[in-house]
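Single-letter residue listing:
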Amino acid sequence: MPVLTTQVKTDKSVQREDSATQQHGSNTTAKVTLQSVSKTYANGTHALLNANLEVKKGEFLFITGPSGSGKSTLLKLLYGQELPTEGEVIVDECNIAGLRGDRLSLFRRRIGIVFQDYKLISQRTVAENVTFVLQAQGYTRKEIQRRLEPTLKLVGLLSKADCFPDQLSGGEQQRVSIARAIVGTPPLLLADEPTGNLDPDNSWQVIQILQKLNSFGATVIVTTHDEQLVRRCNHPVVQVINGQLSRK
Ligand SMILES: Nc1ncnc2c1ncn2[C@@H]1O[C@H](COP(=O)(O)OP(=O)(O)OP(=O)(O)O)[C@@H](O)[C@H]1O
Ligand SMILES: [Mg+2]
């Protein structure tokens, strides 16, 4: 992994406090395993074909590939938004197909997700959008406040905390969705085109934020079209073409 020359300010409060931090670097256990996974949607579209993948704990992986090749589908399978038609999706040694209701909700608490379409709540401010999930998870108000400010600083949106999504640019909305995904310092972060709407400088800042989270022990999986960005980093890359995976 290249040496970070980040200008991004970080704060100890975004650091993981669980044992994953201490284990980072020495842990070679699989975080994510796909075994012969195929996904065919109800309308007959074959989105993934016999995909096999292993992502180790603490790894930072890029997933690239043309539009419609199956990248978002792959991430949706990892957080249980979609179920495989064939094969097994295993995250933290747990087969996702067996999770329902509360167990699925608890499982998702350990995953930060940056959605390709942001999924911000239009009637809530930036601060509320970012902290909403923490509130739902029962974090104390003090703990939420402790996490909010450094996270907004990290994505450069502290001055926009009280704005509503429709008062923000597309790139700012994208950074709110990143703040929401990282504020709980999840051990697994899935980011679907997190730089899709950003200029090169902001894209690089976002990748540095994700790398910082990764350096604290999180496993990070990022889909992107941005070949230049991928080349600038030294992380493993999986390419998806017509639903088929290959290591680059
Ligand atoms: N809910 C759905 N029902 C039917 N087909 C779908 C559904 N979601 C995705 N698809 C199809 O599955 C294929 C893979 O879609 P996916 O969203 O995974 O691609 P992608 O690689 O993320 O593309 P992009 O780079 O444009 O985001 C495409 O052909 C798409 O049209
Ligand atoms: Mg996609």
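Up top you'll find the structure we're talking about.
A sheet is described by the order of its strands in space; here six strands give the open sequence β6-β7-β8-β3-β9-β10, paired in mixed fashion. With one partner strand each, in any of the chains shown, β6 (111-114) and β10 (244-247) form the two edges of the open sheet. When the angles between neighbouring strand axes are averaged without regard to direction, this sheet yields 15°. Where strand β3 (residues 60-64) lies against strand β8 (residues 219-223), four bridges are found, and the strand directions are parallel. Bridge pairing in β8 links Phe 60 to Val 220. Taken strand by strand, helix α7 (residues 200-215) contacts β3, β7 (188-192) and β8, and its axis lies near 155° from that of β8.

One way to put it is that helix α4 (residues 126-136) packs onto helix α6 (residues 170-182) with a least axis distance of 8 Å and a crossing angle of 30°. Relative to α6, the element α4 is oriented roughly parallel. The hand of the α4/α6 crossing is right-handed. On the side of α4, the interface is formed by Val 126, Asn 129, Val 130 and Val 133, while α6 contributes Val 176, Ala 179 and Arg 180.

Attention now moves to the nonpolar core. Core analysis: the biggest nonpolar cluster contains 55 residues, and Ala 179, Leu 189, Leu 190 and Leu 210 have the highest contact counts within it. At six residues, the largest contribution of residues to this core is made by α7. Three or more residues apiece are contributed to this core by two domains, here domain 1 (25-110 + 186-248) and domain 2 (118-183). Those residues within four positions of Ala 179 in sequence are excluded, and the remaining contacts are Val 130, Thr 151, Leu 152, Val 155 and Leu 157.

Taken together, 13 residues are adjacent to ligand 1, and Tyr 41, Ser 67, Lys 71, Ser 72 and Thr 73 come closest. With three residues, the single largest contributor to the shell around ligand 1 is helix α2 (residues 71-78). A per-class count over the shell around ligand 1 returns two nonpolar, ten polar and one charged.

Two faces belong to every sheet, and in a regular strand the side chains alternate between them. Counting buried residues in β8 gives five out of five residues, a clear majority hidden from the surface. Because side chains alternate across β8, one face comprises the buried residues Thr 219, Ile 221 and Thr 223, and the other comprises Val 220 and Val 222, equally buried. Here β7 pairs with β8 via five bridges, running parallel. Bridge pairing in β8 places Ala 191 opposite Val 222. Crossover connection from β7 via α7 to parallel β8: handedness right-handed.

Relative to the 22 Å expected for 16 residues at 1.5 Å per residue, α7 spans 22 Å between its end C-alpha atoms, a close match to the ideal helical length. Among all positions of α7, only Ser 203, Trp 204, Gln 205, Val 206, Ile 207, Ile 209, Leu 210, Gln 211, Leu 213 and Asn 214 are buried. Check the buried side of α7 and you find it contacts β3, α5 (141-154), α6, β7, β8 and α8 (227-232). Within two residues after α7, Gly 217 carries a phi angle of roughly 120°, on the positive side.

A few words on the environment of Phe 60. Within the element layout of this structure, Phe 60 appears in strand β3. Look at Phe 60 and you get buried, because 22 C-beta atoms sit within 10 Å. Put simply, Phe 60 and His 235 are 175 residues apart on the chain and 6.1 Å apart in space, counted from C-alpha to C-alpha.

Let's shift gears to the pairing of β10. Inspection of the sheet shows strand β9 (residues 237-241) paired to β10 by four bridges, in the antiparallel sense. Of the residues in β10, the one forming a bridge with Gln 239 is Ser 246. Linking two consecutive strands that pair antiparallel, namely β9 and β10, is a turn of two residues; a positive phi of about 50° is found at Asn 242 within it.

Analysis parameters
Residues numbered from 1 in each chain as written. Chains lettered and ligands numbered in written order. Predicted model: local features only at pLDDT ≥ 70, side-chain atom pairs only at ≥ 80, totals over all residues. Pairing = 2+ DSSP bridges. Helix = DSSP H or I, 4+ residues; strand = E, 2+ residues; numbered from the N terminus. Axes fitted to C-alpha atoms, helices over the stretch in contact; angles between N-to-C directions. Contact = placed C-beta atoms within 7 Å. Parallel < 35°, antiparallel > 145°, perpendicular 65-115°, else oblique. Left-handed = near helix turned anticlockwise from the far one by under 90°. Core = buried A, V, L, I, M, F, W, Y, C linked by C-beta atoms within 7 Å. Buried ≥ 20, exposed ≤ 12 C-beta atoms within 10 Å, placed from the backbone. Domains from an automatic or database assignment. Near = placed C-beta within 6 Å. Nonpolar A, V, L, I, M, F, W, Y, C, P; charged D, E, K, R; others polar. Right-handed = clockwise from strand over helix to strand, strands pointing away. Expected span 1.5 Å × (residues − 1).

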